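# Remarks on the overall topology
The lines below spell out each chain.
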Amino acid sequence: MREVSEATIRRLPVYHHYLLKTKEMGIAAISSTQIASDLNLTPIQVRKDLEATGLKGKPKVGYAVSDLLGAIETFLEWNKINPAILIGAGHLGYAILGYQGFEHYGLKIAAAFDNDFAKIGKLIHGKPIYSIDSMEKYIREHKTEVGILTVPASSAQELADIMISAGIKAIWSFAPARITTSAKDVIIQHENLASSLAVLFKNINKKSL
Ligand SMILES: NC(=O)c1ccc[n+]([C@@H]2O[C@H](COP(=O)([O-])OP(=O)(O)OC[C@H]3O[C@@H](n4cnc5c(N)ncnc54)[C@H](O)[C@@H]3O)[C@@H](O)[C@H]2O)c1
């Protein structure tokens with residue numbers, strides 16, 4: 001299978017969202033030209049991106065919308081649920097725990113961990129909050145491979161090290177700290193709303209020039 005670029009992977013959920021709306025409108029087939037026009041992309045880009053899913057459009061017909069939705073879901077492995085834990089049940093953690101939509105994208109948060117005694121033992125959006133001291137044991141026992149970090153930057157690396165040593169293979173970190181690891185089989189994805197905001201403001205400024 002050919003290597004699929006990160007840019008393509010990032011666009012696939014956008015196509016998926018667009019195709020769901022298309023399906024809701026009762027449209028059964030759609031061309032790459034139409035998709036490109038609606039999403040402000042080029043038809044070549046759309047065809048190349050969608051090829052990653054293994055599905056090819058038919059000349060004059062385009063893509064069957066339902067097939068394309070299924071192909072994107074399979075490619076992104078959204079039909080496989082990855083159990084995850086969240087560390088840091090604060091403002092951001094609370095919001096993430098409450099978002100049901102992640103389950104459509106293959107992520108199911110089973111539990112959260114915190115060091116604040118006022119939160120430990122409580123449920124947030126139905127998810128149990130356990131003591132951070134029990135995190136390592138939990139990861140080993142449940143063979144959890146995905147962890148979401150929503151703690152202050154100062155604790156992020158230390159907690160990531162514990163998570164990785166217990167068996168976590170993928171960390172989705174929101175802490176503004178560069179987490180590193182020497183473990184070759186571990187993926188760390190940093191998320192930063194400030195970066196997106198910086199791009200947004202730069203673009204606003206460009207437009208107003
Ligand atoms: N990536 C982004 O775009 C983005 C956006 C908002 C916030 N953040 C970052 O997300 C993190 C959380 O932000 P917030 O506003 O929810 O903060 P918060 O203070 O409300 O929540 C942090 C939580 O982590 C817990 N915690 C702190 N140290 C811990 C430790 N050692 N072990 C276990 N739990 C611990 C706290 O008790 C608290 O519940 C911060 O690092 C913040 O900078 C990132």
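Residues numbered from 1 in each chain as written. Predicted model: local features only at pLDDT ≥ 70, side-chain atom pairs only at ≥ 80, totals over all residues.

## Side note on the overall build of the protein chain
Each helix and strand in the protein chain was counted, giving eight helices and nine strands. Seen through its principal axes, the protein chain has C-alpha atoms that stretch 60 × 45 × 35 Å. A burial count over the protein chain gives 25% of its 209 residues as buried. In the protein chain, 54% of the contacts between residues at least 6 apart in sequence involve partners at least 24 apart. (Helix = DSSP H or I, 4+ residues; strand = E, 2+ residues; numbered from the N terminus. Buried ≥ 20, exposed ≤ 12 C-beta atoms within 10 Å, placed from the backbone. Contact = placed C-beta atoms within 7 Å.)

## Description of the site of the ligand
In the vicinity of the ligand, 24 residues are found, and the nearest of them are Gly-88, Gly-90, Leu-92, Ser-155 and Leu-193. When residues of the shell around the ligand are traced back to their parent elements, those giving at least two are helix 5 (91–98), strand 4 (107–114) and helix 7 (153–166). Of the residues that constitute the shell around the ligand, the class distribution is 13 nonpolar, eight polar and three charged. (Near = placed C-beta within 6 Å. Nonpolar A, V, L, I, M, F, W, Y, C, P; charged D, E, K, R; others polar.)

## Quick word on the packing of helix 6 (residues 135–142) against helix 7
Contact geometry for helix 6 and helix 7: axes closest at 9 Å, N-to-C directions at 30°. If you check the angle between helix 6 and helix 7, you find them roughly parallel. Every pair of crossing elements has a handedness; the one defined by helix 6 and helix 7 is right-handed. From helix 6, Met-135, Glu-136, Ile-139 and Arg-140 reach across to helix 7, where they touch Ile-162, Met-163 and Ala-166. Split into classes, the residues belonging to the contact of helix 6 with helix 7 amount to five nonpolar, no polar and two charged. (Axes fitted to C-alpha atoms, helices over the stretch in contact; angles between N-to-C directions. Parallel < 35°, antiparallel > 145°, perpendicular 65-115°, else oblique. Left-handed = near helix turned anticlockwise from the far one by under 90°.)

## A few points about the environment of Leu-86
The residue Leu-86 is located in strand 3 (residues 82–87) in this model. Beyond its immediate stretch of four places on either side in the chain, Leu-86 contacts Gly-93, Ile-96, Leu-97, Ile-109, Ala-112, Ile-148 and Thr-150.

## Focus on helix 3 (residues 43–51)
Among the residues of helix 3, Val-46, Asp-49 and Leu-50 are the ones counted as buried. Along the axis of helix 3, the buried positions cluster into a sector of 90°, meaning they face one direction only. Next to the buried residues of helix 3 lie helix 1 (6–24), helix 2 (32–39), strand 2 (63–64) and helix 4 (65–75). (Arc of directions from axis to C-beta.)

## Some remarks on the domain arrangement of the protein chain
Partitioning the protein chain into domains gives domain 1 (6–75) and domain 2 (82–195). Distance from the C-alpha centre of domain 1 to the C-alpha centre of domain 2: 32 Å. (Domains from an automatic or database assignment.)

## A short note on the nonpolar core
In terms of nonpolar packing, the biggest core is built from 28 residues, with Ile-85, Leu-86, Ile-87, Ala-112, Leu-149 and Ala-160 touching the most fellow members. Of all the elements in the fold, those that place two or more residues in this core are strand 3, helix 5, strand 4, helix 6, strand 7 (146–149) and helix 7. Per element, the largest residue contribution to this core is five residues, and it comes from helix 7. Look past the residues within four positions of Ala-160 in its chain and what remains in contact with it is Leu-149, Ile-171, Ile-179 and Thr-181. Formed by twelve residues, the second largest nonpolar core is a distinct cluster that contains Leu-12, Val-46, Tyr-63 and Leu-68. (Core = buried A, V, L, I, M, F, W, Y, C linked by C-beta atoms within 7 Å.)

## Some words on the environment of Gly-167
Assignment of secondary structure puts Gly-167 in the loop between helix 7 and strand 8 (170–173). For Gly-167, a count of 16 C-beta atoms within 10 Å gives the class partly exposed. Along the backbone, Gly-167 and Val-186 are 19 residues apart, and their C-alpha atoms lie at a distance of 9.2 Å.

## Considerations on the pairing of strand 6 (residues 127–131)
Across three bridges, strand 4 lies against strand 6 in parallel orientation. Residue pairing for strand 6: Phe-113 is matched across the bridge by Tyr-130. As paired elements, strand 5 (residues 123–124) and strand 6 share two bridges and run antiparallel to each other. Bridge pairing in strand 6 places Ile-124 opposite Lys-127. Between strand 5 and strand 6, which pair antiparallel and follow one another directly, the connecting turn spans two residues, one of which, His-125, has a positive phi of 50°. (Pairing = 2+ DSSP bridges.)

## Overview of the sheet that holds strand 9 (residues 187–190)
Strand order in the open sheet made by the seven strands is 5-6-4-3-7-8-9, with mixed pairing throughout. For this open sheet the edge positions go to strand 5 and strand 9, each flanked by a neighbour on one side alone. Both strand 7 and strand 8 contribute to a ladder of four bridges, which runs parallel. Among the inter-strand pairings, Ile-148 is bridged to a residue of strand 8, identified as Trp-172. Where helix 7 meets the sheet, its contacts fall on strand 3, strand 7 and strand 8, and the angle it forms with strand 7 comes to roughly 170°.

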